[in-house]
Amino acid sequence: VTAGTYSIIVKSIEGLDKANYQLGTIEFEYIIDKLSVNVKIEDLYVTYDGLEHTPMYSVTLGSEGPAVNYDIEYYSGQTLLSSMPINAGTYEMVIVPTDLDNYAYDENELSHSFTITKRNYNITYPTDLTYDGNIHHIKVSFTNILESDLEYFDYYFDDENNKEVQEAKNYVIHATST
């Protein structure tokens, strides 16, 4: 039986005393109320670390009853994601009830946005070179980059093919990410 309004009509009585009682038609209704469900989604504060993230959440019944079934969806803007978010950005977590016939939800509790913030990184490079007429191959290092992301970072000086310092002048280091 599911939540809803039901009508019962009693038209006769059976048994040994059937001959002794007059029974008219009796009609009445009863209501099975939807079970109240409380959803709480916590705030999430996280910096990009290459791992999947989801806010902590709870789905509880307002009183005793059968387990609540639901799905969880993640969105980036209007795009439905196929898994939990990993990359920096703003996301929406949505609890999707699978049984709206028997459970009552507060629509305002079913979704929550959260942000995975960008990770700060540092660039280190030598600053104490003295002109000696030779070409210097400069090594630029990136720190606070995830090991799995290092292959995507590179650098160059002034133009895209230059990783060498030949003359005494100011150079601009361009850090790139693919």
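All values reported here derive from a predicted model rather than from experimental measurement.

Trainee: Run through the overall build of the protein, naming residues and quoting values.
Mentor: Broken down by element type, the protein carries zero helices and 16 strands. Out of the 178 residues belonging to the protein, those deemed buried represent 21%. Partitioning the contacts of the protein with sequence separation of at least 6, the portion at a separation of at least 24 is 51%. As displayed, the protein has an accessible area near 13,000 Å², and 47% of this comes from carbon and sulfur atoms.

Trainee: How would you summarise the pairing of strand 3 (residues 35-41) if you had to cite specific residues and measurements?
Mentor: Here strand 3 shows one buried face, formed by Leu35, Val37, Val39 and Ile41, and one open face, formed by Ser36, Asn38 and Lys40. Strand direction decides the pairing type here: strand 3 and strand 9 (residues 103-104), joined by two bridges, are parallel. Paired with leucine 35 across the two strands is tyrosine 103, which belongs to strand 9. Summarising the sheet, strand 3 and strand 5 (residues 57-61) pair through five bridges and their orientation is antiparallel. Counted as the bridge partner of valine 37 is leucine 61 from strand 5.

Trainee: So what's going on with the packing of aromatic side chains? Residues and values would help.
Mentor: Applying the stated rule across the entire model yields three aromatic pairs. On the basis of an interplanar angle of 20° and a centroid distance of 5.5 Å, the ring pair of tyrosine 6 and tyrosine 30 is categorised as stacked. Placement of the pair is tyrosine 6 in strand 1 (residues 4-10) and tyrosine 30 in strand 2 (residues 26-32), with a sequence separation of 24 residues. Pairing tyrosine 57 with tyrosine 70 gives two aromatic rings, centres 6.2 Å apart and planes at 85°, and the pair type is edge-to-face. Of the two residues, tyrosine 57 sits in strand 5 while tyrosine 70 sits in strand 6 (residues 70-76), which places them 13 residues apart along the sequence.

Trainee: Now, about a nonpolar patch on the surface: what can you tell me, with residues and values included?
Mentor: On the surface, Val1, Ile13, Leu23, Ile26, Phe28 and Tyr30 cluster together into a nonpolar patch covering about 550 Å² of accessible area. By secondary structure assignment, the location of isoleucine 26 is in strand 2. Looking at isoleucine 26, the relative accessible area reads 39%, which means it is partly exposed.

Trainee: An account of the confidence of the model for the protein is requested, with residue identities and associated values reported.
Mentor: For the protein, per-residue confidence averages 82 on the pLDDT scale, and 83% of positions sit at 70 or higher. Mean pLDDT across the elements of the protein ranges from a minimum in strand 15 (residues 164-165), with 60, to a maximum in strand 7 (residues 79-80), with 97.

Trainee: Any details on the pairing of strand 8 (residues 89-97)? Residues and values, ideally.
Mentor: Strand direction decides the pairing type here: strand 6 and strand 8, joined by six bridges, are antiparallel. Bridging across to strand 8, aspartate 71 finds its partner in valine 96. Across six bridges, the pairing between strand 8 and strand 10 (residues 111-117) is antiparallel. Residue pairing for strand 10: threonine 90 is matched across the bridge by threonine 115.

Trainee: Please provide a residue-by-residue account of the nonpolar core, values included.
Mentor: The biggest cluster of nonpolar side chains holds 18 residues, and the ones touching the most others in it are Val39, Tyr105 and Phe114. Counting only elements with at least two residues in this core, the list comes to strand 3, strand 8 and strand 10. Here this core takes four residues from strand 3, the largest share from any one element.

Trainee: Give a detailed account of the environment of asparagine 38, specifying residues and quantitative values.
Mentor: Within the secondary structure, asparagine 38 is located in strand 3. What makes asparagine 38 partly exposed here is its relative accessible area of 37%. Residues asparagine 38 and serine 58 lie 20 residues apart in sequence; the distance between their C-alpha atoms is 7.9 Å.

Parameters at a glance
Residues numbered from 1 in each chain as written. Predicted model: local features only at pLDDT ≥ 70, side-chain atom pairs only at ≥ 80, totals over all residues. Heavy atoms only, no water. Helix = DSSP H or I, 4+ residues; strand = E, 2+ residues; numbered from the N terminus. Buried < 20%, exposed > 50% of the residue type's maximum accessible area, 1.4 Å probe, protein only. Contact = heavy atoms within 4.5 Å. Areas by Shrake-Rupley, 256 points an atom, 1.4 Å probe, with all protein chains shown as cover. Pairing = 2+ DSSP bridges. Phe/Tyr/Trp six-rings, centres within 6.5 Å; stacked < 30°, edge-to-face > 60°. Patch = residues over 30% accessible without salt bridge, like charges linked within 9 Å, V, L, I, M, F, W, Y side chains within 5 Å. Salt bridge = Lys/Arg side-chain N within 4 Å of Asp/Glu carboxyl O. pLDDT = per-residue confidence, 0-100. Core = buried A, V, L, I, M, F, W, Y, C linked by side-chain atoms within 4.5 Å.

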